[in-house]
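# An overview of the molecular structure
One-letter residues, chain by chain:
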Amino acid sequence: MTVLDTQHVTNPPRRRAPSRRRGGVAGYLFVAGYAILLLAFGVFPTVYSFYLSLTNDKGQFTGINQFTKVMGDYRFVPAFTNILFYLVMWLVVLVVLTVLVAVVLRGRMKPGLSAVFRFLYYIPGALAGVASVLVWLFMLDPAVSPVSWVLDAMGKDSFAAVLSPGDLPVIFVLIAFWTGAGGWIVVMYGALNNIPDEVIEAARMDGAGPWKTAWHIQIPMIRQWIAYMTILAFAAGTQLFVEPQLLQTASLGRVSPTWSPNQLAYVFAFQQGDFNGAAAISVFLLALGVIVAGLLVWRSDMFTLDEK
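From a predicted model like this one, the values you see are computed outputs, not experimental measurements.

Parameters and conventions
- Residues numbered from 1 in each chain as written.
- Predicted model: local features only at pLDDT ≥ 70, side-chain atom pairs only at ≥ 80, totals over all residues.
- Heavy atoms only, no water.
- Axes fitted to C-alpha atoms, helices over the stretch in contact; angles between N-to-C directions.
- Helix = DSSP H or I, 4+ residues; strand = E, 2+ residues; numbered from the N terminus.
- Parallel < 35°, antiparallel > 145°, perpendicular 65-115°, else oblique.
- Left-handed = near helix turned anticlockwise from the far one by under 90°.
- Contact = heavy atoms within 4.5 Å.
- Nonpolar A, V, L, I, M, F, W, Y, C, P; charged D, E, K, R; others polar.
- Expected span 1.5 Å × (residues − 1).
- Phe/Tyr/Trp six-rings, centres within 6.5 Å; stacked < 30°, edge-to-face > 60°.
- Buried < 20%, exposed > 50% of the residue type's maximum accessible area, 1.4 Å probe, protein only.

### Some details on the packing of helix α9 (residues 168-193) against helix α12 (residues 223-238)
Interhelical geometry of α9 versus α12 gives an angle of 160° and a closest axis separation of 10 Å. As judged from the angle between their axes, α9 and α12 are roughly antiparallel. Viewed along their axes, α9 and α12 form a crossing whose handedness is right-handed. Residues Trp-184, Val-187, Met-188 and Ala-191 of α9 touch α12, and the partners they reach there are Trp-225, Ile-226, Tyr-228, Met-229 and Leu-232. Among the residues forming the contact of α9 with α12, the class breakdown is nine nonpolar, no polar and no charged.

### Concerning helix α15 (residues 275-300)
The end-to-end C-alpha distance of α15 is 37 Å, a good match for the 38 Å that 26 residues give at a rise of 1.5 Å each. Asp-301, located one to two residues past α15, shows a positive phi value of around 50°.

### Digging into the packing of aromatic side chains
This structure, assessed with the given rule, holds 12 aromatic pairs. Note on Phe-67 and Phe-284: the rings are 5.4 Å apart at their centroids and 85° apart in plane angle, and the pair reads as edge-to-face. Within this pair, whereas Phe-67 is found in helix α3 (residues 65-72), its partner Phe-284 is found in helix α15, the two being separated by 217 residues in sequence. A relative accessible area of 14% places Phe-67 in the buried class. For Phe-284, a relative accessible area of 23% translates into the label partly exposed. Measuring from centroid to centroid gives 6.2 Å for Trp-136 and Trp-178, while their planes differ by 80°, and the two rings are edge-to-face. With Trp-136 in helix α6 (residues 129-140) and Trp-178 in helix α9, this residue pair connects regions lying 42 residues apart in the sequence.

Dropping the structure here:
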């Protein structure tokens, strides 16, 4: 063996470490699109809304004057009261029925039949918000509705009678559930599928029936997903605008143009030219959403990692 051969054996050539630069750049590119849109349509508008809510139309700092002004408006309390009633009904109906249907699909139906039902539930969610409201305009008009006999049985013999102020939260809950519940049923079904079969089998061996298993095992194990659904549903509910706005137009003014806080902000901004007051209402809605989201995250331990 020569000296060169000996050096080659004792000092083998170093292998070049695999470059991670390309993978890192690809990751940044994927994230960049979302980050740009988040900054452009999320962070910057939020910061600008805070600025408008703390100044007047001349750009002068006014502190909380904009907030006190909109709170003193005669339309402020009714708008937030309407959205409160709507949110309570909407969230209760969504959480209870969505989880119930997902549990039934997961445990009481054959996989093939369950897939068919999940597809049928998801179809209404493919419609845009405006299209779904237009569908419900026909459903709620006794003159053309295919379920006019149900409306007649409830004493609703005209479109104006259906749109009575006391029934509007129920109508908006029906529209929201019809369009949004199907997608959440699919999500809850997927969350239930992540529960190990061994856990369900152990519960059965201990004598737990389907409903006890659902109440004591399945629902607690998907509580983080339920909290996630509740947060997004609450945020979407506080921004209710399309449904009351279209019903207000279709009913020729029978529905209040300031039924929801978002509608009130629209009136402030584009009918009264008071963008500062509209920004103050937006900040109220943002603060309400952040508080509720924080409570749900805290109570559900959403970001707690399971120890292995």
